[in-house]
Amino acid sequence: MGSILSSFLGGGETADAASSPSEPSRIQTFHSPERWQLHFNEFKDSSQLVNCDRLVSFLLDGAKMVIDFTASWCGPCRFMEPTVEAMASKFTNVGFSKIDVDVLLDVAQEFQVEAMPTFVLLKKGKEVDRVVGAKKDELEKKIEKHRAS
């Protein structure tokens, strides 16, 4: 419920660069440490899925999230954008967030991100896996593996 409220209050913005005009993005992008922390704390402290548009799933499933650590100047990150958008649409029981490492350096450091893109897979606030680099197939396999557990 708090994530719904925070989205109305400007908590997270949805990415729109790679989404189609008829379908809103399911990826939340954060531009301030405070908004990210609010979102992340709500996610890790609950047994709910962080995803405002799927309230029923939000209440029934264990919280799973993929964090895409990216940078505006990163070519491989831009290459992965359409793939991540497609995965966010395919894996509707997983929350997707995007963090620009130049904007939220502290968050990137907290997750020990050393290269972009880095995808961190979380379950209930705990890292369960990660993919470093523009590895579409590896990312999809790991999401598939952890979303079912």
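Residues numbered from 1 in each chain as written. Predicted model: local features only at pLDDT ≥ 70, side-chain atom pairs only at ≥ 80, totals over all residues. Heavy atoms only, no water.

J.: Help me out: how do you make sense of empty space enclosed by the protein in this one?
T.: With a probe scaled to a water molecule rolled over the atoms, the places where space remains empty come into view. One pass over the structure, following the stated rule, counts two cavities of 30 Å³ or more. Volume-wise, the largest cavity comes out at about 70 Å³. Contributing elements (two or more residues each) for the lining of the largest cavity: strand E3 (64-70), strand E5 (118-123) and helix H6 (136-147). Along the lines of polarity and charge, the residues of the lining of the largest cavity split into seven nonpolar, one polar and three charged. (1 Å grid on protein atoms, 1.4 Å probe; cavity = no way out; pocket = protein on both sides within 12 Å on 5 of 7 lines; lining within 4 Å. Points joined across faces, edges and corners; volume = space filled by probe spheres on them. Helix = DSSP H or I, 4+ residues; strand = E, 2+ residues; numbered from the N terminus. Nonpolar A, V, L, I, M, F, W, Y, C, P; charged D, E, K, R; others polar.)

J.: Sorry if this is basic, but what is going on with the packing of aromatic side chains here?
T.: Each pair of aromatic rings is reported with the distance of its centres and the angle of its planes. What the rule picks out here adds up to one aromatic pair. With 5.6 Å between their ring centres and 50 degrees between their planes, phenylalanine 69 and phenylalanine 111 make a pair best called tilted. Note that phenylalanine 69 is positioned in strand E3 and phenylalanine 111 in the loop between helix H5 (105-110) and E5, a separation of 42 residues in sequence. For phenylalanine 69, a relative accessible area of 0% corresponds to the buried category. (Phe/Tyr/Trp six-rings, centres within 6.5 Å; stacked < 30°, edge-to-face > 60°. Buried < 20%, exposed > 50% of the residue type's maximum accessible area, 1.4 Å probe, protein only.)

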